[in-house]
Every structure is written in C-alpha cells, then in structure tokens.
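Results of the structural survey
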Amino acid sequence: GEGLDIVTPPFSAVGIMPGNIQVQIDFNSGASFTRTVALVPTGQTFTSYGIANMDGSDNVTHNLNGMTVSLYNTPYSTLFINQHGYIGFGNAAQNYNESLTSFFAGIPALTGGGTSGPSVAVAWSDLGSTSNTSALYEVTEDMVLGTVRVDYKNQDHWPTSNPAGDFSVTFGSLGPNSLTFDHTGFIPDPATSNTHDFVIGITDGDNTVGTDTNFSDGLGGGLAAAIGGSYITPGTVTPPESFAELVPQGVNPGLGIWTALDIGSVGTTPYGTWSLF
C-alpha cells in the first residue's frame, strides 16, 4: 500500500510526438527510478471540406498533422485535393479536361502555368458542380495504422449533375508507397450528353523519365484486367512506371477495392515498380 508519484515530461495542448520518453517513479519511502517508455499515438484526425473550401484552382490544400504519405518513395506532408477527382503532390493545378497525355505530364494547369506534379487520379473527370453543396472531400489520418485516406463523397458529373457517388484512396494501407483504392461506390454518368471520360491511375508527373503505361482497352476494362492478372511491372518497362486507364464515359470499370504497391527498394529494384492486385 505504499504511495508513489509518477512524473512525466510536460504535455502541450497539442500533445507531443510519438517516441520514447523518460518517466520518473518516486516512492514515498524515498526510492526513485527512471524508466524509458514508448509513447504510442492513438486516435484519428478527421477533416472534412466542401465545395466552398475550394480555391480558385478547384483545389483544397491539406497539410497533414505530423504524418507523411509516400509516392515513388518521396514523402509528402501536403495534399492538393482537386474537386475533379485527382490528388496532386506538387502544386494546386486546375484541369477538368481529362486525358492520358496530360496525366502523364503531371496534369498541366489550364490557366496560370505549372502542373499538379506527381499525382493520383482516383477518378479524374469534370466533376463537382458548384451547386452541389453536399459534395465532400474528407481526409482521415490514422497515426496508429500510419494511413491517410482521402474520400470523395456525394460527387456529381458536370454538366449533367447526375450523381458520381463515392470513391477513395488510402495511402500507406500496406506500408509506405502503397495505395488502396475503393471504387465500389463510383457511379458512371449514363447521359450521352456528357462527353467527359475519366482517368484512373498513378503518375510520377514527368513524361520524360520512365515508362508511361496505358492500360486503356477502349471498353473500360483494361486496368481491371491488369489487376485481375496480378500485374507486376515487367522487365521491358523502365521504372519509374506511371500507369493509367482512360475509361469511356458511362462505363463502370468494375474495379471495386484494389491496391497498388510500389515494390521498389533502395539498391535493388527501382522505385516505381508496381504490383497491382
């Protein structure tokens, strides 16, 4: 029944970073010990944006809270989430004219110059009418799992305003340089008046290095076929590989939930070597 005091370092209002800390244990009898304990982060950070939060380039800039995501083994702490269905890691660049040429070049801005840089097209098309106040762009940061999920919710197609549904990408699902996509809730636009296709894929943002792989088969099933065949970047392809499919308007690509894992490593397989499953 002896009393004791436990002395920890001071905690600020925003907490302290995960890692080892020194804890002092003082017994009333006079004995005192210092022990190293591991501080483990708990919980999630959740941020939700709407159309009203978009800037003049149709982007919302999200700064991660003490975390990073990795793409081609480069860590990033800032995400440029574009209302047209893509996430950039270079700049906030507006572009609603989807094409594979533009995607592999880093999604050049339609005005003002610059590109989005390395980018992830979750479903790049002309999405998000300004009148759709229910559209949401949500970021969930899990410091325990080490994941960052970006959700596009209640999306709609332009110019028809038909629903585009929900879709997402989770960074770090299988560790650094991994991305898990969820297209189960995506809704293609049945209206023939909508002339916009959509792009799904990952690019290093530079069409002068590596190989740019076009999975398009004209029917919207090329990427699904690659995933179903457990695609791995072949030896005939020069890393870093960028890959994408241009899915025709009105077509559901049937992707469901799938993962892109960069299996590159330092000194052996170059980064930008992808396994799709």
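In case you missed it, the structure is sitting above this.
The structure contained in this document is the topic of the report that follows. Keep in mind that what you see is a predicted model, and the values were worked out from it rather than measured.

Here is what the cut-offs are and how they apply
Residues numbered from 1 in each chain as written. Predicted model: local features only at pLDDT ≥ 70, side-chain atom pairs only at ≥ 80, totals over all residues. Heavy atoms only, no water. Buried < 20%, exposed > 50% of the residue type's maximum accessible area, 1.4 Å probe, protein only. Helix = DSSP H or I, 4+ residues; strand = E, 2+ residues; numbered from the N terminus. Pairing = 2+ DSSP bridges. Axes fitted to C-alpha atoms, helices over the stretch in contact; angles between N-to-C directions. Core = buried A, V, L, I, M, F, W, Y, C linked by side-chain atoms within 4.5 Å. Contact = heavy atoms within 4.5 Å.

**Notes on the pairing of strand β8 (residues 78-82)**
With four of five residues buried, β8 lies mostly within the body of the structure. Here strand β5 (residues 59-63) runs beside β8; their pairing, made up of five bridges, is antiparallel. Within the sheet, the bridge partner assigned to N63 lies in β8 and is T78. In this structure, β8 lies alongside strand β9 (residues 86-88), joined through two bridges in antiparallel fashion. Of the residues in β9, the one forming a bridge with F80 is G88. In textbook terms, the turn of a hairpin is the stretch between consecutive antiparallel strands, and for β8 and β9 this stretch comprises three residues, one of which, G85, has a positive phi near 95°.

**What about the sheet that holds β5?**
Sheet architecture is open: seven strands sit in the order β5-β8-β9-β10-β15-β17-β16, paired in mixed fashion. With partners counted over all chains shown, the strands left at the sheet margins are β5 and β16 (212-214), one partner each. Across the sheet, the mean angle separating the axes of adjacent strands is 20° when strand polarity is ignored.

**Considering the nonpolar core**
Formed by 46 residues in total, the largest nonpolar core has its most connected members in L79, F171, W258 and L276. Looking at this core element by element, the count peaks at four residues for strand β13 (residues 163-171). Apart from residues no more than four positions distant in its own chain, W258 is found in contact with L179, T180, F181, H183, I200, L223, I227, F243, L276 and F277. Formed by nine residues, the second largest nonpolar core is a distinct cluster that contains L100, I107, A121 and A244.

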